[in-house]
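# Commentary on secondary and tertiary structure
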Amino acid sequence: MMRLALRARTLAGLLVTLGLFFGIASASAATLSEAKDLYRTGDYAKCIEVAAEEIEGGRTFIDWYVLKTECELTLGRYADAAQTMDDARKISPTSLRLLWLEREVRNYSGQSNRAKEALAELGAQLERTSGIYRDLETSIVIGKFFLEIGADAKRIRIDLFKPIQQRAPGLPNAYIAAAELALSKNDFALAAEDFQIALKVDEDNPRVLLGLAQAFEPSDSEKAEDYLQQALEINPHLIPGLLMIAESHLSAERYEETEELLAKVLEINPHDPSAWAIRAVVAHLASDSDREKECREKALAHWKENPEVDYLIGKHLARKYRFAEAAAAQRRALKFNSEYLPAKMELSNDLLRLGKEEEGWRLAEEVFEADNYNVVAHNLSTLQQHMAKFRTLESDGFIVRMDAKEAAIYGDRVLELLSEAKAILCEKYDVELKEPIAIEIFPKQQDFAIRTFGLPGGAGFLGVCFGNVITMNSPASQADNPTNWEAVLWHEFCHVVTLNKTNNKMPRWLSEGISVYEELQRDPSWGQSISPAYREMILGDDLTPLSELSGAFLRPPSSRHLMFAYYESALAVEFLVDQFGIEALRKILDELGKGLQINDAIARHAAPLDAIDAGFQKYIQDRAKAFAPDADFNTEELPEPRSAELAAWLEQNPNSFPGLSQYAAVLVREKKYEEALETIDKLLELAPDYAGDGSPLPLKAQILKEMGETQQELAVLEQLAALRADAIDVYRRLAEMHTEAGDWEAVVTNARRMRAVNPLTQDPYLLLTSAGEQTNQPEIAIEGLSTLANLDPYDPADVHFRLAKRLHETDQDKKARRHVLLALEEAPRYRDALELLLTLTAEDSPESERPSPTKDDSPR
């Protein structure tokens, strides 16, 4: 590492002079351009031949040596690259470009000490010659050098790369350098911006197209795939592009396809460390420790202290939720290079996901201090400050961290539901949780995303489980469309159980499938149910074979396809349990924990895979066909939404579900309620228990309310409430109707349903309070009043006093005294509160010290 004085002094001098002259030598320009085209299109061997001929013919222009060396490195001809470098240094011993390239050559030639010497010599050359003019390529190398020794990345981008772009706008390399810098810091938007400018300058550059694919991969997989395809059409031997596809197959558990891509890479470069690192990951996932060791050794064969190898292994293991093994890999990488920030950042995330927060947060802070342009480190540093204000609740092996105000409102319900889930699911799956489970609930979606993914985004995710750590969005983060947070928490805790049982060795489809399945076992309104859209997907081309379900989660074409993957996975689990029993499912999970692959485990404890795929296809298609079997869901050729046209059209298409739905809506707008009810009843004959999008049940309830048909409305609303987990308006209306009828048990039921969707409003607690007081059930009244007290009630003195009374009735006098004092703090002359305080004080005093009862009707 260069000393700090060099970094500051030399960089300051360079920033004054760089960019004033960017001359490029013109020697053998035509031939050099042709050779560079060979490199660009992946004909590396031919490019080496051309460069060798030019060098032998006396062409000593440095670009020939650089090009030949880069080709040799790409093909894994490391000894040849070292010889080329030796020859080049004889010609140009002080070239900064050669010194920078020599560092890589020496590392891959097993000469790590000489690599360090090359870096040190580069720094010394800069210090001696900081005031001279530099050509473009050398200027970019200088920027990369300063990044390597820890200079401020933002300053390099703004003060070095940007001026080069401004003075040489037609040259792509400055844009590429800036873009790759942004990409390395997870600043994908800025990377895409620079790559797109570079593409305008050099539209057939596969390096630029690859960069665009990498920049768009987190946000737009379709665009990323298109750019990657363009890059590989130009250069089918582009190793980073082939590895990107291999990684995609790896994520989707398509291991045969992964190996095929890696084999292509190794045909190009038999020693490519990234390819061998990914092969080590595949071997690890197959529980083949000997093969894993062999592949890792080959990845490190030429550069024995290459930290990127274990970094890549750990990164891919973390994507498979193998966080303990991933952390071990990152620690190995940091043994090679303790300042390798990518490994340190990944280790930080791994430890945070393992619940080892003290070390995880410390490492994130270290990365941020060393590199304040690292977006993930910056985000985590900011998040830690937010989370420092959270409140911690502990019970029954759970550690819940959440916003302090929210903790006071529904924290007890979180702990209660977790204890219930633990009792039921741990027994069902024969799991003993040996470590505390951490649950973090975020009122801001961005904080949830940063804690979960390291970056903002992930808007479709409600919760994520890493094993013994759960992260969740709170209802406060979901604006006007909150989902049932109790269902989400149950779902995520089920992941805790299955991930612990399998040691985090389970495919995503099975993990998600069991969690959705168990939601439905807990409450039939939770989870997902069949819909017209799902019916079409099942009977069309969107059904994925059970043996390939993990791929359905990788790059779904739309959010609907992703939700369908959850639904299909849940039905796959239901199929396995129905056909082979829960014990078979438990055995499959046990086998996964021992390292067996999912399809092998299913074949061992259920049936051969071909039979499983065929059986499941029939099972799910029978389910789809049973849903509204007489209905026509075709939306083509529907007439204009006017009653006359629709009525005539429906005479020819009487079972059109979308047509009948439109007709009913038109009739309601025209206030033709009787006719609308007839149409809705026809819809309900076609799909009697459907409550999803387009269900006629909400419209029927609305009509019956308008017509004053209270009992019929009540029946429809009860049906809706039993089928939907987030119908808060339905629950509110039911609570109102049951209050008027004095059915307080039903009021309590719907108040708790409301709380499960949005616990942050007063409505459910006002209902619980009324129900408890009307039925003389102080426990229910306490449930409502104790929460109301934390929700800024209109009359806090009244709430605290009523709560104190109910607590006194249940012999909780210590708590009662606290709340009566809070009532008096709000209203010091509150007579009833003063009397209750006297009562509590008297009952708490010895008999001889109690005051004699007196009658005093004076105001207080």
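All of these numbers come straight from a predicted model, not from anything done at the bench.

## Section: the pattern of salt bridges
In this structure the tally under the stated criterion is 55 salt bridges. Salt-bridge contacts for Asp159 lead to Arg155; the nearest nitrogen and oxygen are separated by 3.4 Å. Taken as a pair, Asp159 and Arg155 lie in helix H9 (residues 153-167) at a separation of four residues, close to a single helical turn. On the basis of relative accessible area, Arg155 is assigned to the partly exposed category, the value being 34%. For the salt bridge of Arg522 with Glu420, the shortest nitrogen-to-oxygen distance reads 2.9 Å. Placement of the pair is Arg522 in helix H26 (residues 508-522) and Glu420 in helix H23 (residues 404-428), with a sequence separation of 102 residues. Here the salt bridges share partners, and the residues they tie into one network are Asp86, Arg89, Glu102, Arg106, Arg114 and Glu121.

## Here's the deal with the sheet that holds strand S1 (residues 391-395)
Here five strands make up an open sheet; going across it, the order is S1-S2-S3-S5-S4 and the pairing mixed. Looking at the sheet topology across the chains shown, the edges are occupied by S1 and strand S4 (463-465). Between one strand and the next, the sheet's axes are offset by a mean angle of 15°, whatever the strand orientation. In this sheet, strand S3 (residues 437-442) lies alongside strand S2 (residues 398-402) in parallel orientation, the contact comprising five bridges. Each residue of the ladder has a partner; that of Arg401, found in S3, is Glu440. Here helix H24 (residues 445-453) sits on the sheet and contacts S3, S4 and strand S5 (469-473); the angle it forms with S5, its principal contact strand, is near 155°.

## Thoughts on unusual backbone geometry
Even without a glycine there, the phi angle at Ser287 is positive, about 60°. Positionally, Ser287 belongs in the loop between helix H16 (273-285) and helix H17 (289-299).

## Considering helix H8 (residues 136-148)
Counted at 1.5 Å a residue, the expected span for H8 with its 13 residues is 18 Å, and the 19 Å between its end C-alpha atoms agrees. Along H8, the residues classified as buried are Leu136, Thr138, Ser139, Ile140, Val141, Ile142, Gly143, Phe145 and Phe146.

## Quick word on the side chain of Asn379
Here Asn379 shows up in helix H22 (residues 375-387). Given the relative accessible area of 11%, Asn379 is considered buried. Setting aside residues no more than four positions away along its own chain, Asn379 makes contact with Ile450, Gly454, Leu455 and Pro456.

## What about the layout of surface pockets?
Empty space within the second largest pocket amounts to approximately 640 Å³. Those elements giving two or more residues to the lining of the second largest pocket turn out to be S1, H23, helix H40 (778-788), helix H41 (796-809) and helix H42 (813-826). For the lining of the second largest pocket, the element with the highest residue contribution is H23, accounting for eight residues. Broken down by class, the residue content of the lining of the second largest pocket amounts to nine nonpolar, six polar and nine charged.

## With respect to the confidence of the model for the protein chain
On average, residues of the protein chain carry a pLDDT of 90, and 94% of them reach 70 or more. When the criterion is pLDDT under 50, residues 15-27 qualifies, and its contacts beyond four places in sequence or with other chains add up to 26 contacts.

## Observations concerning the nonpolar core
With 147 residues, the main nonpolar core has Phe493, Trp509 and Leu510 as its most contacted residues. One finds Leu119, Ala198, Leu347 and Leu380 within the second-largest nonpolar core, a separate group that totals 135 residues.

## Points about the pairing of S1
Alignment of S1 against S2, held across five bridges, turns out to be antiparallel. For Thr392, the partnering residue across the bridge sits in S2 and is Arg401. The hairpin turn running from S1 into S2, its antiparallel successor, is two residues long, and Asp396 in that turn takes a positive phi close to 55°.

## Regarding the packing of aromatic side chains
We describe a pair of aromatic rings using the distance from one ring centre to the other and the angle between the two ring planes. For the coordinates displayed, the defined rule picks out 26 aromatic pairs. Here the aromatic rings of Phe448 and Phe453 are separated by 6.3 Å at their centres, their planes lie at 85°, and the arrangement is edge-to-face. Measuring from ring centre to ring centre gives 6.4 Å for Phe564 and Tyr567, while their planes differ by 35°; the resulting arrangement is tilted. One end of the pair is Phe564 and the other is Tyr567, both in helix H28 (residues 559-580) and three residues apart, which spans about a single turn. Assigned by exposure class, Phe564 and Tyr567 land together as buried. Through a chain of ring-to-ring contacts, three or more aromatic side chains come together here, namely Phe575, Phe580, Phe616 and Tyr619. Above the ring of Trp100, the side-chain terminus of Arg103 is found at 4.8 Å from the ring centroid. If you follow Arg279 out to its NZ or CZ, it ends over the ring of Trp276, 5.0 Å from the centre.

## Structural notes on the pairing of S2
Along S2, five of the five residues are buried, which leaves the element largely enclosed by surrounding structure. Here S2 shows two buried faces, one formed by Phe398, Val400 and Met402 and the other by Ile399 and Arg401. Handedness of the S2-H23-S3 crossover: left-handed.

Criteria and cut-off values
Residues numbered from 1 in each chain as written. Predicted model: local features only at pLDDT ≥ 70, side-chain atom pairs only at ≥ 80, totals over all residues. Heavy atoms only, no water. Salt bridge = Lys/Arg side-chain N within 4 Å of Asp/Glu carboxyl O. Helix = DSSP H or I, 4+ residues; strand = E, 2+ residues; numbered from the N terminus. Buried < 20%, exposed > 50% of the residue type's maximum accessible area, 1.4 Å probe, protein only. Pairing = 2+ DSSP bridges. Axes fitted to C-alpha atoms, helices over the stretch in contact; angles between N-to-C directions. Contact = heavy atoms within 4.5 Å. Expected span 1.5 Å × (residues − 1). 1 Å grid on protein atoms, 1.4 Å probe; cavity = no way out; pocket = protein on both sides within 12 Å on 5 of 7 lines; lining within 4 Å. Points joined across faces, edges and corners; volume = space filled by probe spheres on them. Nonpolar A, V, L, I, M, F, W, Y, C, P; charged D, E, K, R; others polar. pLDDT = per-residue confidence, 0-100. Core = buried A, V, L, I, M, F, W, Y, C linked by side-chain atoms within 4.5 Å. Phe/Tyr/Trp six-rings, centres within 6.5 Å; stacked < 30°, edge-to-face > 60°. Lys NZ or Arg CZ within 6 Å of the ring centre and 35° of its normal. Right-handed = clockwise from strand over helix to strand, strands pointing away.

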